[in-house]
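# Tertiary structure, described
One letter stands for each residue in the lines below.
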Amino acid sequence: MRTRVKLLVAALFNIMLLSVAAQAQAGMKPVADTGMLTLGPNQVLRLTVATGDVTGDDVVRVRFRQMEYMEQGNIYRIASSNMGGPLTLTSGEAASIDIPNSGSPVRGVVLSNSRSAKVVAIVFDTSTQRVVAICTFIPD
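Residues numbered from 1 in each chain as written. Predicted model: local features only at pLDDT ≥ 70, side-chain atom pairs only at ≥ 80, totals over all residues. Heavy atoms only, no water.

### Re the sheet that holds strand 2 (residues 43–50)
Taken in spatial order, the four strands line up as 6-2-8-9 in an open sheet, and their pairing is antiparallel. The sheet is open, and its two edges are formed by strand 6 (94–100) and strand 9 (130–137), each paired on a single side. Neighbour-to-neighbour, the strand axes of the sheet open up by a mean angle of 20 degrees, direction not taken into account. As judged from the seven bridges shared by strand 8 (residues 118–125) and strand 9, these two strands associate in the antiparallel manner. Pairing of Val120 across the sheet is with Thr136, part of strand 9. (Pairing = 2+ DSSP bridges. Helix = DSSP H or I, 4+ residues; strand = E, 2+ residues; numbered from the N terminus. Axes fitted to C-alpha atoms, helices over the stretch in contact; angles between N-to-C directions.)

Take a look at the structure:
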């Protein structure tokens, strides 16, 4: 009887682990992360994501997360964090957000259900209308 109970518990535990793994794979995962950046005066961090190789009725879901840090000694801690709602993009579509200079270091993260989403991060100077820095995130 005890052996049956142990086997049943083990089987249920394995099913539960497989279910959690399947849910994680179906969800969105980070595809780009700028790390912590200190923007200069009149600068914004712009994150742009394009669908990449999407065929037929496939859709790419994306979410943008932005964080602001505060310094405590030699350590920076997240002071605020915002996650936008999911956006659904089809073939040929793109989306972007601007993270303004708040006087504190900032960070941008793009989450997606698709590893083929193409992300570009740009630091843009609003006073001169020029690109200061650009980074392209290459999909796996």
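### Comments concerning the nonpolar core
Core analysis: the biggest nonpolar cluster contains 19 residues, and Leu45, Leu47, Val49, Phe64, Ile99, Val110 and Val119 have the highest contact counts within it. Listed by contribution, the elements that provide at least two residues to this core are strand 2, strand 3 (60–72), strand 6, strand 7 (106–112) and strand 8. When sequence neighbours within four positions are dropped, the list of residues in contact with Ile99 reads Leu39, Val44, Leu45, Leu47, Gln66, Val106, Arg107 and Gly108. (Core = buried A, V, L, I, M, F, W, Y, C linked by side-chain atoms within 4.5 Å. Buried < 20%, exposed > 50% of the residue type's maximum accessible area, 1.4 Å probe, protein only. Contact = heavy atoms within 4.5 Å.)

### Let's talk about the pattern of salt bridges
Pairing of side chains with opposite charge becomes possible as their charged atoms draw close. Throughout the structure, instances matching the rule amount to two salt bridges. The salt bridge partner of Arg46 is Asp98, with a shortest N-O separation of 2.7 Å. In this pair, Arg46 is assigned in strand 2 and Asp98 in strand 6, connecting sequence segments 52 residues apart. (Salt bridge = Lys/Arg side-chain N within 4 Å of Asp/Glu carboxyl O.)

### Thoughts on the pairing of strand 4 (residues 75–83)
Alignment of strand 3 against strand 4, held across eight bridges, turns out to be antiparallel. When the bridges of strand 4 are listed, Tyr69 appears paired with Ile78. Turn length for the strand 3-strand 4 hairpin, with the two strands adjacent in sequence and antiparallel, is two residues, and the turn residue Gly73 shows positive phi of about 75 degrees.

### Points about the environment of Val62
Along the polypeptide, Val62 turns up in strand 3. On the basis of relative accessible area, Val62 is assigned to the buried category, the value being 0%. Placed 50 residues apart in sequence, Val62 and Ser112 show a C-alpha to C-alpha distance of 4.4 Å. When near neighbours in sequence (up to four residues on either side) are disregarded, Val62 contacts Met28, Val49, Gly85, Pro86, Leu87, Leu89, Leu111 and Ser112.

### Here we look at the packing of aromatic side chains
Counted by the stated rule, this structure contains zero aromatic pairs. The residue whose ring lies beneath Arg46 is Phe124, and the NZ or CZ to ring-centre distance is 5.2 Å. (Phe/Tyr/Trp six-rings, centres within 6.5 Å; stacked < 30°, edge-to-face > 60°. Lys NZ or Arg CZ within 6 Å of the ring centre and 35° of its normal.)

### Quick word on the pairing of strand 3
Inspection of the sheet shows strand 3 paired to strand 5 (residues 87–89) by three bridges, in the antiparallel sense. When the sheet's bridge partners are listed, Val60 is paired in strand 5 with Leu89. Alignment of strand 3 against strand 7, held across seven bridges, turns out to be antiparallel. Pairing of Val62 across the sheet is with Ser112, part of strand 7.

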